[in-house]
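The residues making up each chain are set out below.
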Amino acid sequence: MKHTDIKELFYDGEKYVGGSVIVCGWVRTWRDSKSISFIELNDGTCLKNLQLVFDKEKISEESYKEALVVGSALKAEGEFIASERNGYELVVKNVEVLGSCPQDYPLQKKHHTLEFLRTIPHLRPRTKYFEAVFAVRSRLSYAIHKYFQEHGYKYVHTPLITGSDCEGAGEMFRVTTMPWKNDCKTEEEYFSRDFFGRRANLTVSGQLEGEMAAMGLGKIYTFGPTFRAEHSNTTRHAAEFWQIEPEVCFADIHDIIEIAEDFIKYIIKDVVENCPSEIEYFNERAEKGLSEKLANVISSDFAKITYTEAVEVLKKSGKEFKFPVEWGCDLQTEHERYLTEEYYKKPVFVVDYPADIKAFYMKQNADGSTVAATDLLVPGIGEIIGCSEREADIEKLKAAMEKRNMPLEAYTEYLDLRKYGTVPHSGFGLGLERILMYITGVQNIRDTLLFPRTVGSL
Ligand code: 4AD
Ligand code: MG
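No experiment lies behind these values; they were computed from the predicted model shown.

A. Up close: the sheet that holds strand β15 (residues 382-389). Strand order in the open sheet formed by 8 strands is β6-β10-β11-β16-β15-β14-β13-β12, with mixed pairing between adjacent strands. Taken across any chain shown, the strands that pair with only one partner, and hence form the sheet edges, are β6 (154-155) and β12 (303-306). Judged from the 5 bridges that link them, β15 and strand β16 (residues 425-431) form a sheet pairing that is antiparallel. In the sheet register, cysteine 387 faces β16, and the bridge partner there is phenylalanine 428. Where helix α5 (residues 128-150) meets the sheet, it contacts β6, β10 (219-227) and β11 (240-249), and its direction lies at approximately 150° from that of β10.

Put into structure tokens, the structure is as follows:
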């Protein structure tokens, strides 16, 4: 269907003024006066609508009456003109209704609550809010690839179905083809009859396989879906989310922190530069001061504090936390948010967490109680990155696994990495939806995913 994108018409308008153009799109709103009718048409290529003008002296009302329906899909041809109010408009000569839209179309009003829109995920991409969310999500994904490709990383595709639990938190979805009724006597027998002949899960992280690739390719990144059966019904947890996980050989914890900061600033800068109307829109609609916040993040250094110092800061804060803070406790969202929102008022790396609250693969520090791990916390959200140097010493790694009652025989390949030419290496995981929330000011992770999967909701 030969037509011009509305984005192109606004971007390169002068080229088209005075000529005839064809546009396609959906009717967002329309209005009618004595001599003229107007339609606001959106085709998804940009946030702006193109105004279609129907001059009743030049076009018979009969020929376009059916087009004046919110939600209907149109193809319109006419003269493209410059307009003082809207930049450009299309004076329609011909209109064809591609798909009519009955009155029960749920998006009749200009503004709907986000809660309501969550009940119609299949239609919400037709609203300005979600058009903006998915435009930024798309550009952000591109910027992420761009950063790594420009910096010599190889993109690797790690499996989604796995036999191991990377984070050791046991929050895994099982993958099975077993019938719901079975006569197995033991768990072992049950899994042996299943598709893979053993228990299989959806991955919580591509890190373990990512490390294997990095040990040959030097620098890699993964970018794909990960799954967690966490029963946390919060605005920041999804059961299916996208994670970016770089793994870098010959890099210690300090190197990877530097990389993480450089990377976050790069992708934010890219989105700010390439999605100006979306950021401006979110600045109005989702978070006042968003543009200024992002500009500050790009231009200033992130803070850094040790876990031990952070515990002191929290204790001295005079705040009444729901979960009291003691050295050794996992930081809760309320603690993370105090540190980043009130204490530093900017992104902060918390480093050297107690070994007991972190995963088995993290490098053990000389103090015997902490690991070379860091979380990046940001205002409004809390943790967006989980990062660490990996334990490269096979004996220390085995000890950490035994302490956690992990079956060593299930991790022989992972241990082989430490046996055959081990090197210092580090990596991190960034949650795509979390950084997207930070960049847009969107408050709920359910509004960053096309079809959010959360506990109790599919
Ligand atoms: O801190 P996490 O659990 O780290 C890992 O999975 C490591 N294997 C990463 C690595 O070193 N390669 O998760 C990393 C990030 C979190 O900081 C958060 O942004 C995001 O993944 N994340 C979630 N996002 C949405 N919903 C959930 N349920 C999430 N769980 C983690
Ligand atoms: Mg984490």
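B. Summary view of the packing of α5 against helix α9 (residues 276-285). Packing of α5 against α9 brings their axes to within 10 Å, and their N-to-C directions diverge by 130°. Between α5 and α9, the interaxial angle falls into the category oblique. Regarding α5 and α9, the two cross each other, and that crossing is left-handed. For the pair α5 and α9, the contacting residues are Lys128, Tyr129, Ala132, Val133, Ala135 and Val136 in the first and Glu278, Tyr281, Phe282 and Arg285 in the second. A per-class count over the contact of α5 with α9 returns 7 nonpolar, no polar and 3 charged.

C. Region of the structure containing the site of ligand 1. Around ligand 1, the surrounding shell holds 24 residues, and the nearest of these are Glu167, Gln207, Glu230, Glu245 and Glu383. Here serine 205 contributes a side-chain N or O atom positioned 3.0 Å from a nitrogen atom of ligand 1. Against a free-state accessible area of 630 Å², the protein chains account for coverage of 94% of ligand 1. Looking at the shell around ligand 1, the elements with two or more residues in it are β11, β15 and β16. Among the residues forming the shell around ligand 1, the class breakdown is 8 nonpolar, 8 polar and 8 charged.

D. Focus on the environment of valine 272. You can see valine 272 is positioned in helix α8 (residues 253-274). Assessed through its relative accessible area of 31%, valine 272 is described here as partly exposed. For the pair formed by valine 272 and valine 156, sequence separation is 116 residues and the distance between their alpha carbons is 27 Å.

E. Up close: the pattern of salt bridges. Per the stated rule, a full pass over the model turns up 26 salt bridges. For the salt bridge of arginine 137 with glutamate 433, the shortest nitrogen-to-oxygen distance reads 3.0 Å. Taken together, the positions of arginine 137 in helix α5 and glutamate 433 in helix α15 (residues 432-440) put the pair 296 residues apart, joining distant regions of the chain. For glutamate 433, a relative accessible area of 1% corresponds to the buried category. With a shortest N-O distance of 3.3 Å, glutamate 273 and lysine 269 are connected by a salt bridge. With glutamate 273 and lysine 269 both in helix α8 and 4 residues apart, this pair spans about one turn of that helix. Residues joined in a network through salt bridges with shared partners are Arg139, Lys146, Glu150 and Asp270.

Cut-offs applied
Residues numbered from 1 in each chain as written. Chains lettered and ligands numbered in written order. Predicted model: local features only at pLDDT ≥ 70, side-chain atom pairs only at ≥ 80, totals over all residues. Heavy atoms only, no water. Pairing = 2+ DSSP bridges. Helix = DSSP H or I, 4+ residues; strand = E, 2+ residues; numbered from the N terminus. Contact = heavy atoms within 4.5 Å. Axes fitted to C-alpha atoms, helices over the stretch in contact; angles between N-to-C directions. Parallel < 35°, antiparallel > 145°, perpendicular 65-115°, else oblique. Left-handed = near helix turned anticlockwise from the far one by under 90°. Nonpolar A, V, L, I, M, F, W, Y, C, P; charged D, E, K, R; others polar. Near = heavy atom within 4 Å. Polar contact = N/O pair within 3.5 Å; in protein donor to acceptor, adjacent residues only side chain to side chain. Areas by Shrake-Rupley, 256 points an atom, 1.4 Å probe, with all protein chains shown as cover. Buried < 20%, exposed > 50% of the residue type's maximum accessible area, 1.4 Å probe, protein only. Salt bridge = Lys/Arg side-chain N within 4 Å of Asp/Glu carboxyl O.

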